[in-house]
Amino acid sequence: QSKVVESGGGLVQPGGSLRLSCTASGFTMDYYAVGWFRRAPGKEREGVSCESSSGGSTVLADSVKGRFTISRDNAKKTVYLQMNSLKAEDTGTYYCAASPLVLTMCLAPEGYDYWGQGIQVTVSS
C-alpha cells in the first residue's frame, strides 16, 4: 500500500536546473525520513540529500552542496529536490526513499523501507 513515486527527471544542459518530485502514498503520519539517492552508470549508489524527519535536520552530500536543495510539502505528501547548476557528473538514476521512522543517519540507504523505481537525469550538451 505504501509507496513513493518520482517525477521531474529529464535531459538538461550543463548549468541548467531540474526539480525532482517524490510523492508518497499510504503513510498515515506526516513525518518520516526522506532521502534522495543516485546511481551513475557503472557506479555504486550514493546518497545525495535527505531529511531525518519532517522539519528535522537536512543533509547534503559534499558534491551537491550549494547547488541542490531538498524541501517537503507534507500536505501534498511530496518531497522535492531542486537541482541547480547541474554538471555532467550529476547524470544518473535518482531514487527517492522514505521511512515512517526518524533516521538519524538519513544518508544511509539501509534505513529506508520504501523506494521509488528511479528516474533518469541526464546532463549533457
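Since the structure is predicted, the reported quantities are computational estimates derived from the model, not experimental observations.

(A) Broad picture of the environment of Ala75. Within the secondary structure, Ala75 sits in the loop between strand S7 (68–73) and strand S8 (78–83). Residues Ala75 and Val4, spaced 71 residues apart in sequence, show a C-alpha to C-alpha distance of 15 Å.

(B) Focus on the state of the cysteines. Inspection of the entire model under this criterion finds 2 disulfides. Two residues share a disulfide in this structure: Cys22 and Cys96, whose sulfurs sit 2.0 Å from each other. Its S-S torsion of about -85° marks the bond between Cys22 and Cys96 as left-handed, since a negative value means left-handed. With a gap of 74 residues between them, Cys22 in strand S3 (residues 18–25) and Cys96 in strand S9 (residues 92–99) connect regions that are remote in the sequence. Judged on exposure class, the residue Cys22 and its partner Cys96 are both buried. Shown here is the disulfide that connects Cys50 with Cys106, its sulfur atoms set 2.0 Å apart. Its S-S torsion of about 65° marks the bond between Cys50 and Cys106 as right-handed, since a negative value means left-handed. One end of the pair, Cys50, is in strand S5 (residues 46–51); the other, Cys106, is in the loop between S9 and strand S10 (114–115), with 56 residues separating them in the sequence. Among the cysteines of the chain that take part in disulfides, numbered as they appear in the sequence, the pairing is 1-3, 2-4.

(C) Broad picture of the sheet that holds S7. An order of S1-S3-S8-S7 is seen for the 4 strands of this open sheet, with the pairing classed as antiparallel. At either end of the open sheet lies a strand with only one pairing partner, and these are strand S1 (3–7) and S7. Along the sheet, successive strands turn relative to each other by an average axial angle of 15°, direction set aside. Of the strand pairs in this sheet, S7 and S8 are connected by 6 bridges, and their pairing is antiparallel. Residue Arg72 lies in a different strand from S8, and its bridge partner there is Val79.

(D) Examining the packing of aromatic side chains more closely. Tallying each qualifying case throughout the model produces 3 aromatic pairs. Arranged with centres 6.0 Å apart and planes meeting at 70°, the rings of Tyr112 and Trp115 form a pair that is edge-to-face. Of the residues examined, Trp115 reaches a relative accessible area of 27% and is grouped as partly exposed. Pairwise contacts between aromatic rings join Phe37, Tyr112 and Trp115 into one cluster. Its guanidinium or amino end placed over the ring of Tyr32, Arg72 lies 5.0 Å from that ring's centre, counting from NZ or CZ.

(E) Looking closely at the pairing of S8. Among the 6 residues of S8, 5 are classified as buried, and the element is accordingly described as predominantly covered. Here S3 runs beside S8; their pairing, made up of 6 bridges, is antiparallel. Across the sheet, the residue bridging to Thr23 is Thr78, located in S8. Connecting the antiparallel pair S7 and S8 is a turn made up of 4 residues, with Lys77 showing a positive phi of about 55°.

Scoring rules and cut-offs
- Residues numbered from 1 in each chain as written.
- Predicted model: local features only at pLDDT ≥ 70, side-chain atom pairs only at ≥ 80, totals over all residues.
- Heavy atoms only, no water.
- Helix = DSSP H or I, 4+ residues; strand = E, 2+ residues; numbered from the N terminus.
- Disulfide = S-S within 2.5 Å.
- Buried < 20%, exposed > 50% of the residue type's maximum accessible area, 1.4 Å probe, protein only.
- Pairing = 2+ DSSP bridges.
- Axes fitted to C-alpha atoms, helices over the stretch in contact; angles between N-to-C directions.
- Phe/Tyr/Trp six-rings, centres within 6.5 Å; stacked < 30°, edge-to-face > 60°.
- Lys NZ or Arg CZ within 6 Å of the ring centre and 35° of its normal.

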